[in-house]
Amino acid sequence: MPMRAEFPSPNFGPRRNGVLPDLIVLHYTAMPSCAEAAARLCDAAAEVSAHYLISERGAVQALVPEELRAWHAGAGGWGGAQDVNSRSIGIELANPGDAPFSEPQMAALEGVLADVMARWQIAAARVIGHSDMAPGRKADPGPRFDWQRLARRGLSVWPEPGAEPGDFRADARRFGYPDVADDLLLAAFRLRFRPMAQGPLDAVDAAWAADLAARFPVDAVAFAA
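Below you will find a few notes about this structure. (Residues numbered from 1 in each chain as written. Predicted model: local features only at pLDDT ≥ 70, side-chain atom pairs only at ≥ 80, totals over all residues. Heavy atoms only, no water.)

For helix α7 (residues 182-193), spanning 12 residues, the distance from its first C-alpha to its last is 16 Å, which sits close to the expected 16 Å at 1.5 Å a residue. Residues of α7 that are buried include every one of L185, L186, A188, F189, R190, L191, R192 and F193, and no others. Its buried side turned inward, α7 meets β7 (127-129), α4 (130-133), α5 (147-152), α6 (168-175) and α8 (203-215). (Helix = DSSP H or I, 4+ residues; strand = E, 2+ residues; numbered from the N terminus. Expected span 1.5 Å × (residues − 1). Buried < 20%, exposed > 50% of the residue type's maximum accessible area, 1.4 Å probe, protein only. Contact = heavy atoms within 4.5 Å.)

Written out as structure tokens, the structure is:
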């Protein structure tokens, strides 16, 4: 399958079992520069890619066509989706992992998200982080990423106050988190929603998970890997 010139990454394949994208996974590159990240994502030997790479200055580079399966997610899951690569659009943000995300970069991301979500009819609750689908294995887009900003613009979701605390594990799983050890599940949940929280599970964690599970229960249909 030849790659079109405007999509420079060779690291892609067909989406398996005829599935269409219904998830968007956000990443950071964890590399010193956007140019180095682009080179790696377009290196056949690296065997990694994404559909889009967004620089710190807000430049958007399309690497793999959306209709094809980019190699960005790896092992993990979200709800019934195990082959996340076949079910998702991957967006890489040029960031070393410990730096704030710039205003031009966030604005560009919002534009890409709005377009992709409209094109594939992807719900805001299905815009997730790499750390959400791979707890303990991945930490991107990290504690400095502004999920609340996306939620205010209808491009992701955020908990609302007032829910009664419930069974944290059951509610986090109902929202979409995979079946992992309790400590990894809590760490992944906090990395996205409460990055400054420390200590054992508390009532805020449980209440926020209960709210998300009630308003945004994940599609629980099992799909072939």
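With that out of the way, let us pick up the side chain of D140. Positionally, D140 belongs in the loop between α4 and α5. As a buried residue without a salt bridge, D140 has its nearest oppositely charged side chain in K138, at a separation of 5.6 Å. (Lys, Arg positive; Asp, Glu negative; His and termini not counted. Salt bridge = Lys/Arg side-chain N within 4 Å of Asp/Glu carboxyl O.)

Looking now at the nonpolar core. The nonpolar side chains of a soluble globular protein tend to be buried, and buried together. By size, the foremost hydrophobic cluster in this structure holds 48 residues, and its most contacted members are I24, L26, I91, L109 and L113. When residues in this core are grouped by element, the largest group, 7 residues, is from helix α3 (residues 103-120). What L26 contacts, discounting residues up to four positions off in sequence, is I91, L109, L113, V127, I128, G129, H130, D140, P141, F145, W147 and L150. Core analysis: the second largest hydrophobic core is formed by 10 residues, C34, L41, L63 and A70 among them. (Core = buried A, V, L, I, M, F, W, Y, C linked by side-chain atoms within 4.5 Å.)

In this section: the pairing of strand β6 (residues 88-93). Where burial is concerned, most of β6 is hidden: 6 out of the 6 residues are buried. Across the two faces of β6 the burial is the same, with S88, G90 and E92 and I89, I91 and L93 all buried. Inspection of the sheet shows strand β2 (residues 23-28) paired to β6 by 6 bridges, in the parallel sense. In the strand pairing of β6, H27 is matched with E92. In the sheet, strand β3 (residues 52-54) pairs with β6 via 3 bridges, with the strands oriented parallel. (Pairing = 2+ DSSP bridges.)

So, about the pattern of salt bridges. Inspection of every chain in the model, using the stated rule, returns 17 salt bridges. In this structure, the salt-bridge partner of R149 is E110, at a minimum N-O distance of 2.5 Å. In this pair, R149 sits in helix α5 while E110 sits in helix α3, placing the two residues 39 residues apart along the sequence. Looking at R149, the relative accessible area reads 11%, which means it is buried. E110 gets classed as buried once you look at its relative accessible area, which sits at 13%. In this structure, R194 and D202 form a salt bridge, with 2.8 Å as the shortest nitrogen-oxygen distance. Where salt bridges share partners, they join E103, E110, R149 and R153 into one cluster.

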